[in-house]
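# Structural characterization, general
Chain residues, written in single-letter form:
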Amino acid sequence: MKCIMADPTGLCFGVRRAIDQLEEALEEHCRVYALGSPIHNPQEVGRLEKKGLEVVQSPQEVPEGGVVFIRAHGVPPEDLELLRGRRAHLVDGTCPFVRKAQEQARRLSQEGYFVVIVGDTDHPEVKGIRGHVEGNVTVINPALPVYTDFPPASRVGVVCQTTLREESLIKIVSHLLIRTEELRVCNTICRATVLRQDSVKKLSREVDGIIVMGGKNSANTHKLVQIVQNSGTPVQWIEQAEDLDWRWVEGKNTLGIAAGASTPDWLIHELHHILESSRLSKGMDG
């Protein structure tokens, strides 16, 4: 059995940068509060919790003067104000590409556009972007079969969740184009996301099956799985190597390995090591 790794795969720049910042803060302060899960990967969160991370869901849960980590997805401005009111020491791990989407959404609203955010309404990144809009705003989820939130406005500005698939943005923009007099689109999809999605598309044509590794709560990992499913290539989605269904592996001569942008290197290495050990073992047995 041959294993081929998608390239690129795993941690993107923004998440890697954020985790590095968080680890530095943990080394310095021992106890750090994260406003929401710092990474959509339960195994990595568990590792960080052993170092002193505590995940909270609201600014009110942070003690006065506590050290607070802002995850790569960012947070709404009102949360930052509440934290400052508690004299919290902020470690801002907001991804630069997410910050760009926040700034463009704010700029569009200041210029009088009705802002449309294309993405998952419940995703923390989308909530953060929405919080930066000063005027009229709506979120359109391209995954829904019917869109009910088209803006009643002649001037519409569009931004999107950074992990969105390009096809999804194009679909919504096409619908908006014939419904507005003026449409301004800011493509805020992260290039790292596009490269990872393209690498999985390419890999699906070269292998008998693909193992996608990443948290089940990771939107970008879910999109990778969808891409493989749409290609017709068999796919197995796991969070860690021990989740692997070996019956699914049987009979496949070439396996692809891909990982979401929030999947840490150590989990990918564990999977690769187990697959390689299995291959060598079968070679020696034969």
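Residues numbered from 1 in each chain as written. Predicted model: local features only at pLDDT ≥ 70, side-chain atom pairs only at ≥ 80, totals over all residues. Heavy atoms only, no water.

Moving on, we get to the pairing of strand 3 (residues 53-56). Here strand 2 (residues 32-35) pairs with strand 3 via four bridges, running parallel. Opposite L35, over in strand 3, you have V56 as the bridge partner. Assessed by its sense of winding, the connection that carries the chain from strand 2 through helix 2 (residues 42-49) to strand 3 is right-handed. (Pairing = 2+ DSSP bridges. Helix = DSSP H or I, 4+ residues; strand = E, 2+ residues; numbered from the N terminus. Right-handed = clockwise from strand over helix to strand, strands pointing away.)

Below, the discussion takes up the sheet that holds strand 10 (residues 209-213). One open sheet holds the four strands; their spatial order is 1-12-10-11, and the pairing between them is parallel. Across the chains shown, the open sheet's two edge strands, defined by having one partner strand only, are strand 1 (2-5) and strand 11 (235-238). Each neighbouring strand pair of the sheet contributes to a mean axis angle of 25 degrees, computed without reference to strand direction. Sheet analysis places strand 10 next to strand 11, joined by four bridges and oriented parallel. (Axes fitted to C-alpha atoms, helices over the stretch in contact; angles between N-to-C directions.)

A few words now on the environment of Q229. Position of Q229 relative to the elements: it lies in helix 8 (residues 219-231). Residues Q229 and S204, 25 residues apart in the sequence, show an inter-C-alpha distance of 9.2 Å.

What follows deals with helix 1 (residues 13-29). If you check helix 1, its first and last C-alpha atoms are 24 Å apart, about what 17 residues at 1.5 Å a residue would give, namely 24 Å. Buried within helix 1 we find G14, V15, A18, I19, L22, E23, A25 and L26. Relative to the axis of helix 1, the buried residues are bounded by an arc of 165 degrees and lie together on one face. For helix 1, the exposed residues lying more than 90 degrees away from the buried face are F13, E24, E27 and E28. Just beyond helix 1, the residue with positive phi is C30, at close to 70 degrees. (Expected span 1.5 Å × (residues − 1). Buried < 20%, exposed > 50% of the residue type's maximum accessible area, 1.4 Å probe, protein only. Arc of directions from axis to C-beta.)

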